[in-house]
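# Summary of structural features
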Number of protein chains: 2
Amino acid sequence: MVKIADVAREANVSVATVSRVLNKKGSVRPETCERVYKAIEKLSFEPNMSARNLRRNETRVILIVAPNITNPYYAHILAGVGDEARKSGYSALIYNTGGDEEREKNGMDMLKKRRADGAILLASNLDSMWLSEYADKYPIVHCSEYVKGLDIPRVSIDNYKATLEVMEYIISLGHKKIATISSSNSYISTLLRLKGYKDTLERHGIKVRKDYIALADAEYSFKSGKAAAFKLLQQKDRPTAIFCISDTIALGAITAAKEMGLRVPEDLTVTGFDDVDYTTMFHPYITTVAQPCYDLGRKSFKILHACMNKTNDIEKKVVLPHKFIIRESSAPISICD
Amino acid sequence: MVKIADVAREANVSVATVSRVLNKKGSVRPETCERVYKAIEKLSFEPNMSARNLRRNETRVILIVAPNITNPYYAHILAGVGDEARKSGYSALIYNTGGDEEREKNGMDMLKKRRADGAILLASNLDSMWLSEYADKYPIVHCSEYVKGLDIPRVSIDNYKATLEVMEYIISLGHKKIATISSSNSYISTLLRLKGYKDTLERHGIKVRKDYIALADAEYSFKSGKAAAFKLLQQKDRPTAIFCISDTIALGAITAAKEMGLRVPEDLTVTGFDDVDYTTMFHPYITTVAQPCYDLGRKSFKILHACMNKTNDIEKKVVLPHKFIIRESSAPISICD
DNA sequence: ATTCGGAATGTAATCCATTACATTTGCTTG
DNA sequence: CAAGCAAATGTAATGGATTACATTCCGAAT
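Just so you know, these numbers come straight off a predicted model, no measurement behind them.

### Re the overall build of chain A
When its secondary structure is counted, chain A shows 12 helices and 12 strands. Expected size for 337 residues packed as a compact globule is a radius of gyration near 20 Å; at 26 Å, chain A overshoots this value by more than 25%. For chain A, the residues scored as buried account for 57% of the 337 residues in total. Across chain A, the fraction of contacts at a sequence separation of at least 24, relative to all contacts at a separation of at least 6, is 71%. Of the roughly 14,600 Å² of accessible surface on chain A, 51% is carried by carbon and sulfur atoms. For chain A, the separation between the mean place of its 49 positive charges and that of its 41 negative charges on side chains is 4 Å.

### Notes on the pattern of salt bridges
Residue and element names in this part refer to chain A. For the structure on display, the rule yields 42 salt bridges over all chains. In this structure, Asp151 and Lys316 form a salt bridge, with 3.4 Å as the shortest nitrogen-oxygen distance. One end of the pair, Asp151, is in the loop between strand 4 (140–143) and strand 5 (154–156); the other, Lys316, is in the loop between helix 12 (293–308) and strand 11 (317–319), with 165 residues separating them in the sequence. On the basis of relative accessibility, which here comes to 61%, the residue Asp151 falls in the exposed class. By sharing partners, the salt bridges in this structure join Glu84, Lys87, Asp295 and Arg298 into a single network.

### Re the interface of chain A and chain B
Contacts between the two partners involve 46 residues from chain A and, on the opposite side, 46 residues from chain B. Counting the surface lost from both chain A and chain B, the interface buries some 4,100 Å², and carbon and sulfur atoms represent 59% of this. It is Glu46, Arg115 and Met281 of chain A that lose the most area in chain A upon contact with chain B, and together they represent 16% of the buried surface on that side. Linking chain A to chain B there are 0 salt bridges.

### Considering the sheet that holds strand 6 (residues 178–183) of chain B
All names here are of chain B. Across the sheet, 4 strands lie side by side as 7-6-8-9; this open sheet has parallel pairing. Only two strands of the sheet have a single partner each, and these edge strands are strand 7 (213–216) and strand 9 (269–271). Strand-to-strand twist in this sheet, taken as the mean axis angle between neighbours without regard to direction, amounts to 20 degrees. The sheet contact formed by strand 6 and strand 7 spans 4 bridges and is parallel. Opposite Thr180, over in strand 7, you have Ile213 as the bridge partner. In the packing of helix 8 (residues 159–172) onto the sheet, the strands contacted are strand 6, strand 8 (241–244) and strand 9, and the crossing angle to strand 8 comes to about 170 degrees. Packed onto the sheet, helix 11 (residues 247–259) meets strand 6, strand 7, strand 8 and strand 9 and runs at close to 160 degrees relative to strand 9.

### Regarding the protein's contact with DNA strand D
Taken together, 30 residues lie around DNA strand D, and Ser14 and Thr32 of chain A together with Ile4, Arg52 and Arg55 of chain B are the ones closest in. Backbone atoms, meaning sugar and phosphate, make up 61% of the atoms of DNA strand D lying within 4 Å of the protein. Here Thr17 of chain A contributes a side-chain N or O atom positioned 3.0 Å from a phosphate oxygen of DNA strand D. A distance of 2.5 Å separates a base oxygen of DNA strand D from a polar side-chain atom of Arg55 of chain B. Of all the elements in the fold, those that place two or more residues in the surface near DNA strand D are helix 2 (15–23) and helix 4 (49–56) of chain A together with helix 2 (15–23) and helix 4 (49–56) of chain B. Residue classes in the surface near DNA strand D are distributed as 14 nonpolar, 8 polar and 8 charged.

### Things to note about the protein's contact with DNA strand C
What surrounds DNA strand C is a group of 28 residues, the closest being Ile4, Arg52 and Arg55 of chain A together with Thr32 and Arg55 of chain B. For DNA strand C, the backbone portion of the atoms within 4 Å of the protein, that is sugar and phosphate, comes to 64%. Thr17 of chain B is positioned such that a nitrogen or oxygen atom in its side chain is 3.0 Å from a phosphate oxygen of DNA strand C. Taking Arg55 of chain B, its side chain carries an N or O atom lying 2.5 Å from a base oxygen of DNA strand C. Those elements giving two or more residues to the surface near DNA strand C turn out to be helix 2 and helix 4 of chain A together with helix 2 and helix 4 of chain B. When the residues that make up the surface near DNA strand C are grouped by side-chain class, the tally is 12 nonpolar, 8 polar and 8 charged.

### Some thoughts on the relation of the copies chain A and chain B
With an RMSD of 0.0 Å, the fit of chain A onto chain B corresponds to turning through 180 degrees and sliding 0.0 Å along the axis. Overall, the copies show the geometry of a two-fold rotation axis. By residue overlap, the copies meet face to face through one surface: 100% of the interface positions of chain A are interface positions in chain B.

### Section: the packing of aromatic side chains
On inspection of all chains with the given rule, the structure shows 12 aromatic pairs over all chains. For the pair Phe282 of chain A and Phe282 of chain B, a centre-to-centre distance of 4.3 Å together with 0 degrees between the ring planes defines the contact as stacked. Of the two residues, Phe282 of chain A is situated in the loop between strand 9 (269–271) and strand 10 (288–290) and Phe282 of chain B in the loop between strand 9 and strand 10 (288–290); the pairing between them involves two chains. The residues Phe282 of chain A and Phe282 of chain B share a single accessibility class, namely buried. Pairing Trp130 of chain B with Tyr134 of chain B gives two aromatic rings, centres 5.9 Å apart and planes at 85 degrees, and the pair type is edge-to-face. Summarising the burial analysis for this pair, Trp130 of chain B and Tyr134 of chain B share the class buried.

### A short note on the sheet that holds strand 1 (residues 61–66) of chain A
In a beta sheet, neighbouring strands are held together by backbone hydrogen bonds and run either parallel or antiparallel to one another. Ordered in space as 11(A)-5(A)-4(A)-3(A)-1(A)-2(A)-2(B)-1(B)-3(B)-4(B)-5(B)-11(B), the 12 strands form an open sheet in which the pairing is mixed. Unpaired on one side and paired on the other, strand 11 of chain A together with strand 11 (317–319) of chain B mark the two borders of the sheet. Here the average twist between neighbouring strands, direction ignored, is 20 degrees. As judged from the 6 bridges shared by strand 1 (residues 61–66) of chain B and strand 2 (residues 91–96) of chain B, these two strands associate in the parallel manner. Looking at the pairing, Val61 of chain B lines up with Ser91 of chain B of strand 2 of chain B.

### Thoughts on the domain arrangement of chain A
When the parts of a complex come together, some accessible area is lost, and that lost area is often used as the size of the interface. Along its sequence, chain A is carved into domain 1 (4–47), domain 2 (58–157 + 293–320) and domain 3 (159–291). A straight line from the C-alpha centre of domain 1 of chain A to that of domain 2 of chain A covers 37 Å.

Definitions and cut-offs
- Within every chain, residues take consecutive numbers counted from 1 along the sequence as written.
- Chains carry letters and ligands carry numbers; both start at the beginning, A for chains and 1 for ligands, and go up in the order they are written.
- Per-residue local features are limited, in this predicted model, to residues with pLDDT of at least 70; the limit for side-chain atom pairs, both in listing and counting, is 80 or more; totals at the level of whole chains, interfaces and linings are taken over all residues.
- Side-chain descriptors were evaluated using all non-hydrogen atoms of the structure, hydrogens and water having been removed beforehand.
- Numbering goes from the N terminus for both helices and strands, where a helix is a DSSP run of H or I of at least four residues and a strand is a run of E of at least two.
- Radius of gyration: over C-alpha atoms. The globule rule applied is 2.2 Å multiplied by the number of residues raised to the 0.38 power.
- Working definition: with a 1.4 Å probe on protein chains only, accessible area under 20% of the residue-type maximum means buried, over 50% means exposed, and in between means partly exposed.
- The contact criterion used throughout is that any non-hydrogen atoms of two residues lie within 4.5 Å.
- For the area figures, the Shrake-Rupley method with a 1.4 Å probe applies, and any residue is considered shielded solely by the protein chains shown.
- Charged residues are defined here as Lys and Arg on the positive side and Asp and Glu on the negative side; His and the ends of the chain fall outside this count.
- Charged groups are reduced to one reference atom each: NZ for lysine, CZ for arginine, CG for aspartic acid, CD for glutamic acid.
- Salt bridges are defined as contacts in which a side-chain nitrogen from Lys or Arg sits within 4 Å of a carboxyl oxygen from Asp or Glu.
- Two parts placed together each lose some accessible area; with a 1.4 Å probe, that loss summed over both constitutes the buried area.
- Any two strands with at least two DSSP-identified bridges between them are counted as paired.
- Lines fitted to C-alpha atoms define the axes here, with helix axes fitted over just the stretch in contact, and angles between the N-to-C directions of these axes take values from 0 to 180 degrees.
- The nearness test applies per residue and asks whether one of its heavy atoms lies within 4 Å of the molecule or strand.
- Identification of polar contacts relies on pairs of N or O atoms within 3.5 Å, with a donor-acceptor requirement for protein atoms, meaning one able to donate a hydrogen and the other able to accept it, and with residues adjacent in sequence counted only if both atoms are side-chain atoms.
- When residues are sorted by character, Ala, Val, Leu, Ile, Met, Phe, Trp, Tyr, Cys and Pro go into the nonpolar class, Asp, Glu, Lys and Arg into the charged class, and all the rest, Gly among them, into the polar class.
- Superposing the copies works by least squares over the C-alpha atoms of residues that have pLDDT at least 70 in both of them.
- The criterion for an aromatic pair is that two Phe, Tyr or Trp rings (for Trp, the six-membered ring) have centres within 6.5 Å, with stacked assigned to planes under 30 degrees apart, edge-to-face to planes over 60 apart and tilted to the rest.
- Throughout the structure description, domain borders are defined by an automatic or database domain assignment.

Structure representation (structure tokens):
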């Protein structure tokens, strides 16, 4: 293991000088500098990060706590965080929780142990008050989901407003019997989307029916979406439109509808949310709300970076623009209905 | 920052004893042990990893070098590596290369800098001989792709054999005009799948036609798969079956076929590869080769772990079983043809 | 009672880069 | 030419956990 002392000996200078060259701090004569570089090159020296981290009390590593990196939605955010982090010389440690809060806490202990300088949380439950304890001591940023009432910086889209747009659109198509497939998880986005659904119906004088609200599982799985859709569509007074809170669920709904002999969008309008890759991989292309996942990730890192550097003006609430995209899975209610 | 000395003072013992308790090494009287635990609890002490890493000359971090974590195939492997690593007390640093070899090298420098103890490479080009330089010095494992001729442990399926199975099946359906959509990348799997395609045709006395071999882009994008399929299908003497080297490409091919008014599988048989999530999210469900992604990841970590511990009997070539799954996108050649 | 041995605990060196502080070098200026 | 000052470089302390080696303690054996 080549260390700084070896380089110093080789270059005939002191370790301090080598360090100065390494960090471009303090003044060093150009020729000395050159000698040091030569020595570094010759011995192919690479500074030991553990030693540097110990001394500097930082790791240049950030932690990303995600429930499931297999989900393309999270994967895209991850990619954004990772790319932005790399640009600033940071590496990303990924901690997959599988939605388990206990594992989420274990992940956060990485901060205590100084394995990472800060964390980006991708999917905290809206009532995870225990987070405040960590937030007081370490730089933390919420991305996409967040805990209400905690003073932790967050980046997300406006889920409520996006839902209003979708719902207004569905209603403008003439639909009155509008169902929703929500989820059993406790994310703020789930809550806001459900609220947006209910509020729009009420504003239009349409009664919110309990039997028009179905739940998919916490991970928005295709299977559970399909099952929820079956439940909704098998009722005697079946809905003509389903507002799904994720694309995978929408996909499940479309599949369920097809298997029941219903055509989408002719017999049933289905909308999704997030706009993951496969919304346009087959017909009908899904009408959905596109989230700027990659940018959510990038912005989250930028804010975390600011927090870690103790910059003063830290943005506490960043809302990135979404995009409502009308495609093929939605259509005016058919006249024969 | 609470350190080991503070705990020692609080518990009225020396730092050595605290360390012994922490690492369960050496003998400590139970009651002393208890006192130390109490002190740790009281001060809520967490060992500083940088210091520990420096002393132990290890990081308990592994590096995963992936071309694109957004691709569900890689994401599943990642999940497997991550879960298995966590079980052994390791964390996973993810380095996204975007397929850029330069970035792959930068990633590997994490090893030199002691930021990670070992690395799992998910997508090395088959001719990346420069890797041997690293492999000599650091624990490295190849997962899914590998470099021919290098003595680096690897985990993968038998791409050649799997391809033979698919091809034999397609031929058994009566197809003679069989095309393939390969990729412009330089992965060993791409090579083997193409070779499997050609070899099977030849064994059956079917000439390999250049105009039946199309190329998708390096990332197997849906778009490029669709474009390649268009090219194949617009020929006067169009193929009746397409062997695609990835599911995304198969999806593109199916979409292209549909847009041209061809039915799958009645007019065209399409097969995929990998069995990612969305192969059964819509009809026709894709006939494909299922790879045990999660287990490929887990096994890769296990081997890396063995390497890092300098265990003697390290498995150099692990081949995990694949599964050929016949679904809806393939069918006997129609009689009217 | 004395000695021996192992368990229990302590002291101090070590890992390596950074940096405060000290020293030297070299130039400018009166 | 000496003083003064800045630039250049060096010395040694520092960060926190681990661990080789040293010491103390206590019971068993003689």
